[in-house]
Amino acid sequence: MKRFDYHVPQSIEEALNLFKSLGDAIYIAGGTDVMVNIKRKKISPKNLISLRNITALKVIEKGKELKIGSCVTHEQLLKDKYIEKYYTALHDAVRKLGSKQIRNVATIGGNICNAAPSADTACPLLVFDTKVLIRNEKGERKIPLHDFFLGPYSVSKDEGEIVTGFEITFLPPYSGSAYIKHSRREAMDLAIVSVATRLTLSPEVDIDFLKREAGEKTYSEFESRLLSYGITVKEARIAMGVVAPRPLRAKEAEDYLCGKRLTDEAIREASEIASSVAKPRDTLRGEAWYRREMVKVLTRRAILLSAKRAFD
Amino acid sequence: MSFNIIGKKIPKKDAPFKVTGQALYIDDVELPGMLYGKILYSKYPHARILHIDTSKAEKLPGVKAVITAKDFPPHFRIGFMKDNPPLKGTKVLSTRDEIAAVCAISPEIAEEALDLISVEYEVLQGIFDPLVAMREDAPILHEEVGSNILKLPWRLVCGDVEKAKKESAYVVEDTFTTQWVTHCCLATSGCVAYFDVNNNLTMYSNTQIPSLAQNEFLEALTALGLRNRRVRIIQVTIGGGFGSKLDTYPYEYIAILLALKTRKPVKIVFSRDEEFFATSPRQCTITKISQGCDRDGRLTFREVEMILDNGAYTSWGATTPSVMMMPISSLYRVPNVKYTATCVYTNNTYCQAMRGYGNPQATFAIESSLDHLAEESGIDPYDLRIINANEPGEITPQGFRVTTCGLKECIEEVAKRLNWKEKRGRGLKKRGVGIASLIHVGGGARVYKSDGCGTIIKMDDFGKVDVFTGASDIGQGADTVIAQIVAEELGVPVEDVNVIHNDTDICPWDVGVHASRTTFVAGNSALFAAKKIKKKLLEILSKLLEVPPEDVAIKNGIAFSKSDPQKSIPLARALRRIHFTTGGSMLMAEHFYDPQNENLNKEFRGNLSAAYAYGTHGVEVEVDTETGKVKILKYVAAHDVGRAINPLLLEGQIYGGVLQGIGYALSEKMIYDNGYLKNGNFLDYKILTVRDVPPVEIVIIETNEEAGPFGAKGIGEPGLVPTAPAIANAIYDAVGVRIRDLPITPEKVLKALKEKNKG
Ligand SMILES: Cc1cc2nc3c(=O)[nH]c(=O)nc-3n(C[C@H](O)[C@H](O)[C@H](O)COP(=O)(O)OP(=O)(O)OC[C@H]3O[C@@H](n4cnc5c(N)ncnc54)[C@H](O)[C@@H]3O)c2cc1C
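Keep in mind that what you see is a predicted model, and the values were worked out from it rather than measured.

(A) The arrangement of the overall build of chain B in detail. Of the regular secondary structure elements, chain B holds 19 helices and 28 strands. Over its C-alpha trace chain B gives a radius of gyration of 27 Å, about what one expects of a compact globule, namely 27 Å for 759 residues. Once the C-alpha set of chain B is aligned to its principal axes, its extents read approximately 90 × 75 × 50 Å. In chain B, buried positions account for 65% of the 759 residues. Counting only contacts in chain B whose residues sit at least 6 apart along the sequence, the fraction spanning at least 24 positions is 80%. Looking at chain B as shown, the accessible area adds up to about 28,100 Å², and 52% of this sits on carbon and sulfur atoms. Taking the average location of the 88 positive side-chain charges in chain B and that of its 92 negative ones, the two points are 1 Å from each other.

(B) Layout of the domain arrangement of chain A. Residue and element names in this part refer to chain A. Split into domains, chain A comes out as domain 1 (5–50), domain 2 (55–169) and domain 3 (175–309). Measuring from the centre of the C-alpha atoms in domain 1 to the corresponding centre in domain 2 gives 19 Å. Across the contact, twelve residues belong to domain 1 and 16 residues belong to domain 2. Both sides together, the interface formed by domain 1 and domain 2 hides about 1,100 Å², and carbon and sulfur atoms give 66% of it. Three residues stand out in domain 1 for area buried against domain 2, namely Ile 12, Leu 16 and Thr 32, and they jointly supply 42% of the buried area on that side. Run the count over domain 1 and domain 2 and you get three residue pairs in polar contact (both at pLDDT 80 or more). It is helix 1 (residues 12–22) that contributes the most residues to the side of domain 1 that touches domain 2, six residues altogether. Of the residues that constitute the side of domain 1 that touches domain 2, the class distribution is six nonpolar, three polar and three charged.

(C) Up close: the pattern of salt bridges. In this structure the tally under the stated criterion is 71 salt bridges over all chains. Measuring nitrogen to oxygen at the nearest pair gives 2.5 Å for the salt bridge that ties Arg232(B) to Asp503(B). Taken together, the residues Arg232(B) in strand 11 (residues 231–235) and Asp503(B) in the loop between strand 19 (497–500) and helix 15 (518–545) connect sequence positions 271 residues apart. When its relative accessible area of 28% is taken as the criterion, Arg232(B) is described as partly exposed. Measuring nitrogen to oxygen at the nearest pair gives 3.7 Å for the salt bridge that ties Arg333(B) to Glu394(B). Pair noted here: Arg333(B) is in the loop between helix 9 (321–330) and strand 15 (336–345) and Glu394(B) is in the loop between helix 11 (381–388) and helix 12 (407–418), with a separation of 61 residues, a long-range link. By relative accessible area, which is 13% here, Glu394(B) ends up buried. Salt bridges here are not isolated pairs; linked through shared partners, they connect Asp129(A), Arg198(A), Glu235(A), Arg237(A), Arg249(A) and Glu254(A).

(D) The arrangement of the domain arrangement of chain B in detail. Residues and elements named next belong to chain B. For chain B, the domain assignment lists domain 1 (26–124 + 186–240 + 245–277), domain 2 (285–446 + 600–758) and domain 3 (452–593). Between domain 1 and domain 3, the C-alpha centre-to-centre distance is 40 Å. At the interface, 15 residues of domain 1 touch 16 residues of domain 3. Of the roughly 1,300 Å² buried at the junction of domain 1 and domain 3 (both faces included), carbon and sulfur atoms supply 45%. Here domain 1 is connected to domain 3 by three salt bridges. When the shortest N-O distance is used, the salt bridge between Arg 230 and Asp 505 registers 3.2 Å. Take the side of domain 1 that touches domain 3: its biggest share by element is five residues, from strand 11. Within the side of domain 1 that touches domain 3, the residues separate by chemical class into eight nonpolar, five polar and two charged.

(E) Examining the packing of aromatic side chains more closely. By the definition in use, this model includes 26 aromatic pairs over all chains. Ring centres of Trp289(A) and Tyr290(A) lie 5.5 Å apart, and the angle between their planes is 75°; this geometry places the pair in the edge-to-face category. The class of Trp289(A) is partly exposed, set by a relative accessible area of 26%. Members of the aromatic cluster, each reached through a chain of ring pairs, are Tyr82(A), Tyr86(A), Tyr87(A), Phe128(A) and Phe170(A). Of note, Lys260(A) hangs over the ring of Tyr256(A), and the distance from its end group to the ring centre comes to 4.0 Å. Over the ring of Tyr350(B) we find Arg96(B); its NZ or CZ atom is 3.9 Å from the centre of that ring.

(F) How the structure looks around the environment of Gly618(B). Residues and elements named next belong to chain B. Within the element layout of this structure, Gly 618 appears in strand 24 (residues 612–623). Distance in space between the C-alpha atoms of Gly 618 and Val 323 is 23 Å, their sequence separation being 295 residues. Beyond its immediate chain neighbours, meaning those up to four positions away, Gly 618 contacts Val 414, Leu 418, Gly 434, Ile 435, Lys 634, Tyr 635 and Val 636.

(G) Spatial organisation of the site of the ligand. All names here are of chain A. With respect to spatial proximity, 32 residues lie near the ligand, and among them Tyr 27, Gly 30, Thr 32, Asp 33 and Thr 107 are the closest. Asp 120 has a polar side-chain atom sitting 2.7 Å from a nitrogen atom of the ligand. In this structure, Lys 181 approaches the ligand through a side-chain N or O atom, which is 3.0 Å from an oxygen atom. Across the complex, the protein chains shield 88% of the 980 Å² of accessible surface that the ligand would expose by itself. Those elements that place two or more of their residues in the shell around the ligand are strand 2 (25–28), helix 7 (108–114) and strand 10 (162–168). Residue contributions to the shell around the ligand peak at four residues, all from helix 7. Residue composition of the shell around the ligand, by class: 15 nonpolar, eleven polar and six charged.

(H) Summary view of the packing of helix 10 (residues 359–377) of chain B against helix 18 (residues 723–735) of chain B. Residue and element names in this part refer to chain B. Relative to each other, helix 10 and helix 18 sit at 30°, their axes nearing to 8 Å. With respect to each other, helix 10 and helix 18 are oriented roughly parallel. Where helix 10 crosses over helix 18, the handedness of that crossing is right-handed. Residue-level contacts link Thr 363, Phe 364, Glu 367, Ser 368, Asp 371 and Glu 375 of helix 10 to Ala 724, Pro 725, Ala 728, Asn 729 and Tyr 732 of helix 18.

(I) Up close: the interface of chain B and chain A. Taken together, the contacts link 26 residues of chain B with 23 residues of chain A. Of the roughly 2,200 Å² buried where chain B meets chain A, counting both sides, 49% is carbon and sulfur surface. Viewed at the interface, chain A and chain B are joined by eight salt bridges. In this structure, Asp189(A) engages Lys686(B) in a salt bridge whose closest nitrogen and oxygen atoms are separated by 2.4 Å. There are 15 residue pairs in polar contact (both at pLDDT 80 or more) connecting chain B and chain A. The element best represented in the side of chain B that touches chain A is helix 19 (residues 746–758) of chain B, accounting for five residues. When its residues are assigned to classes, the side of chain B that touches chain A shows eight nonpolar, five polar and 13 charged.

(J) Spatial organisation of the state of the cysteines. Per the stated rule, a full pass over the model turns up zero disulfides over all chains. Cysteine Cys184(B) remains unbridged, with the sulfur of Cys185(B) as its closest cysteine sulfur at 7.9 Å.

(K) Looking closely at the side chain of Gln476(B). Residues and elements named next belong to chain B. By the element assignment, Gln 476 lies in the loop between strand 18 (465–469) and helix 14 (478–490). At a separation of 3.1 Å, a polar atom in the side chain of Gln 476 contacts the main-chain carbonyl oxygen of Ser 472. Engagement of the side chain of Gln 476 in a polar contact is seen with the backbone nitrogen of Ile 474, the distance being 2.7 Å.

(L) The sheet that holds strand 5 (residues 66–69) of chain A, seen in detail. Residues and elements named next belong to chain A. Pairing is antiparallel across the open sheet formed by five strands, whose spatial order is 4-5-10-6-7. Edge strands, defined here as strands with exactly one partner in the open sheet, are strand 4 (60–62) and strand 7 (139–144). Neighbouring strand axes in the sheet, compared pairwise and without regard to direction, differ in orientation by 20° on average. Strand direction decides the pairing type here: strand 6 (residues 131–136) and strand 10, joined by five bridges, are antiparallel. Each residue of the ladder has a partner; that of Val 132, found in strand 10, is Phe 166.

Criteria and thresholds
Residues numbered from 1 in each chain as written. Chains lettered and ligands numbered in written order. Predicted model: local features only at pLDDT ≥ 70, side-chain atom pairs only at ≥ 80, totals over all residues. Heavy atoms only, no water. Helix = DSSP H or I, 4+ residues; strand = E, 2+ residues; numbered from the N terminus. Rg over C-alpha atoms; globule rule 2.2 N^0.38 Å. Buried < 20%, exposed > 50% of the residue type's maximum accessible area, 1.4 Å probe, protein only. Contact = heavy atoms within 4.5 Å. Areas by Shrake-Rupley, 256 points an atom, 1.4 Å probe, with all protein chains shown as cover. Lys, Arg positive; Asp, Glu negative; His and termini not counted. Charge placed at Lys NZ, Arg CZ, Asp CG, Glu CD. Domains from an automatic or database assignment. Buried area = accessible area lost by both parts, 1.4 Å probe. Polar contact = N/O pair within 3.5 Å; in protein donor to acceptor, adjacent residues only side chain to side chain. Nonpolar A, V, L, I, M, F, W, Y, C, P; charged D, E, K, R; others polar. Salt bridge = Lys/Arg side-chain N within 4 Å of Asp/Glu carboxyl O. Phe/Tyr/Trp six-rings, centres within 6.5 Å; stacked < 30°, edge-to-face > 60°. Lys NZ or Arg CZ within 6 Å of the ring centre and 35° of its normal. Near = heavy atom within 4 Å. Axes fitted to C-alpha atoms, helices over the stretch in contact; angles between N-to-C directions. Parallel < 35°, antiparallel > 145°, perpendicular 65-115°, else oblique. Left-handed = near helix turned anticlockwise from the far one by under 90°. Disulfide = S-S within 2.5 Å. Pairing = 2+ DSSP bridges.

Here is the structure:
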């Protein structure tokens, strides 16, 4: 391992200036990707600029929008009841991310900037139409997360730019989301494939009745009922992990579902479309045929779960 | 019998040291002037070495020595078949082949020096499949051997299999394959070697076989021209062994040579990468098995043909068929048995002992095939097992004399707890149940000429006891169990017994920690030594208390007269009295215990162990038929252990075994692609995490083995032996597909389900 100097700026401005003056430097948040890459000799920066003392990056703001600071840890997200209730897919994702030790230090900003095809928070953020907030010397810019991912481990930002956070607009009523990570182990594992979905429904039936049903019936009973009510899908988002060089949205499947009534048939068709959009490869961690097959299964399950959660 | 200390849940003696970081592992050893050794491995799985240039590495500041094959005597070889040169000079046969080594004043410099060594290769076509290696036209990997098939013809024939096959009412035949898995010791392999001015060698090591390693290093010193020297092995705290440290490896000889060259202590500790690719895994096998039974379900024969990928060199992995014979000949009563095994050289990694020593591979085939036979004959798998269960007093076809045997109780208990009758064969909600049993050596195993272990015991002036044992503790708890045995016998508190087990200068000989033998063999050795010292002690106490020796009892470190408890004396005072008098003495005793078991003869028969351990595992699974994922809902492990000396440690052994077994069954696999290990890290090598642990229920069956210490039999390995077939059988019960190739991944299950639905 090459030696490096470690800097701990106290503000975003200081960090930006440090980066400019040091030249050969890299930002480090939790370090759970950075340190692995240094040890594996994939990178050998002379300077590490730590973002962990910048308190402004560590907050979850619930104002007009939901704003998650880039240095918010996965454990912080996991414990946030508001996120659990309204942005459940994100909660699902951090629940099975790494281990407690990893979650205690690893950040959402690091997860997104590292841009692994398997990054667990990527798909949930995609289905919430998240925008990435980026700071440089000139000021702040904001781009859709969908445009931020360029390829494996590659994002649309200059090296010296700091991601300050993520902006998520509030979801309309009757929205529900889910993230399913298909992995070989329950912890400390990367997904073979993963799928996040978010539905916004417009129930034309008696909502109170539905809510009661949701509360009283077991999940499987409610699931079969749910599909017979003829609820219309107002908006659908489907994102898939490890099926392409970058986290991918299955826009064709979203479009198909949008405006349709939520039936078993429609869900199956959407899942088929998602699977056909996926372009998985054979790798050590999973074979392409299996990944494609799993996209189908997981998409269906995630849609059902999202629909149910829309009434939670 | 009632006990004070035996049967009590006493926490491991070494636990506080480990959890507080006080335990000294190999990585913690620092000696003055110590250098750090690193090894350059081959780039190719099969190649001729044309040229090695070490000049640049030698010139790097901080580098103290660089060695290659020419620094070893030309014909020096190591390993069970003496086919492995510690450094390879002319040809490499696998990607873990050692070509050169350096030592330097820091590990970083040593690492940098490796990059400066250039090696010119002529790449040769590799052979990665034992079936290909066995072909007539395959290139010969070891010219000196003359064949890719090892000259180790494993063959056991009992009765007349051909005849029995013809006469059987039902016969099944299947082929099963198993994968390479690795031990995943928390502490990696390593050693520190140094020579004193007289050229005597001290090795700090985490070996499992101090006495045998001592012998092998002495041979190496002789080969290096150092005759009649001493070798002292000091074992550090060993962070897991599981068989991986049952042999000596090239890195140890490399450290020795570097230490000799530099006259400095040299440390080599494996990185996690090295631990994955440069240690020897459990062998992968191809097993063809056929079994039959009569109309009533009585087994008539068992025929097994096995091919083992030996890899490039030979370690103990090649001898695992000697243990596979045990379940093949003796798990359930089967009168006619035929077993042959062929070990084949390939350009893959070479294999070693790993917990169970072949037994998991063999039992996977036997117990999966048995369920197939149950289906074929229409007999409930539970009934089939009960009908054929071994019984006490039996002599098996291979000549094992079964003393205690709780197999039937194990099967019954597991079935009861699984709710077998209710649950089996329903396939409700894609759930199913499966069982599988095991036999293993439980009273040592005579694989070397001696299966013995020595103990020296002394008592000090304060009533404390020091026990010097040959046994090794690799985390299994030998020190705790030995302390309990001695404390029980002597009537002293267990805290007063100090077990010393880590230094060949001090501790007597022992064949090593393997074959689930330590509690039985080292335990007996300690027990008999304790009996001897107790006899002396009672005689002395009888004089001091003025009562006959039979009337003296010791409890909690106090000696008293049984008939008149008023007459008493603290042990410490008694010991000082006899020490500090004219012509005084100190209390000491020794014992060398070698169990009454036999080497297998030329026909591979004989009573290998003084006692046999049995067990049955049962599992309920749920299969996700859309994803192929298998979820374990309930796991029951019943083991006949003779006696539980320490139920806490015993349960720990079984939990650990079951977890390792589930990994073997469902997720662990070393993925080799043309000789290169592709998943040598904990991310891609899927050892289970704590979050994957299913509920495990442990049932301890005590049969009180007369030959064992306080009735105990060995339990080190059995916990993982029948796990894979129990799970495979449960999957079959749940969804009707039988996976014959480990690990049972979701992909395999899903594929099988799709094929089943097509057909
Ligand atoms: C044992 C282990 C298990 C893991 N399990 C999982 C898992 O289950 N799922 C998963 O998705 N990942 C997993 N990871 C990967 C890793 O933990 C996550 O990607 C984590 O979120 C990274 O966050 P970090 O704060 O540690 O990032 P760091 O390592 O500090 O940084 C990662 C990258 O992002 C850049 N960066 C970080 N913050 C900013 C910022 N604010 N602005 C600009 N650039 C920035 C860094 O320069 C670097 O390039 C695992 C890692 C380990 C070691």
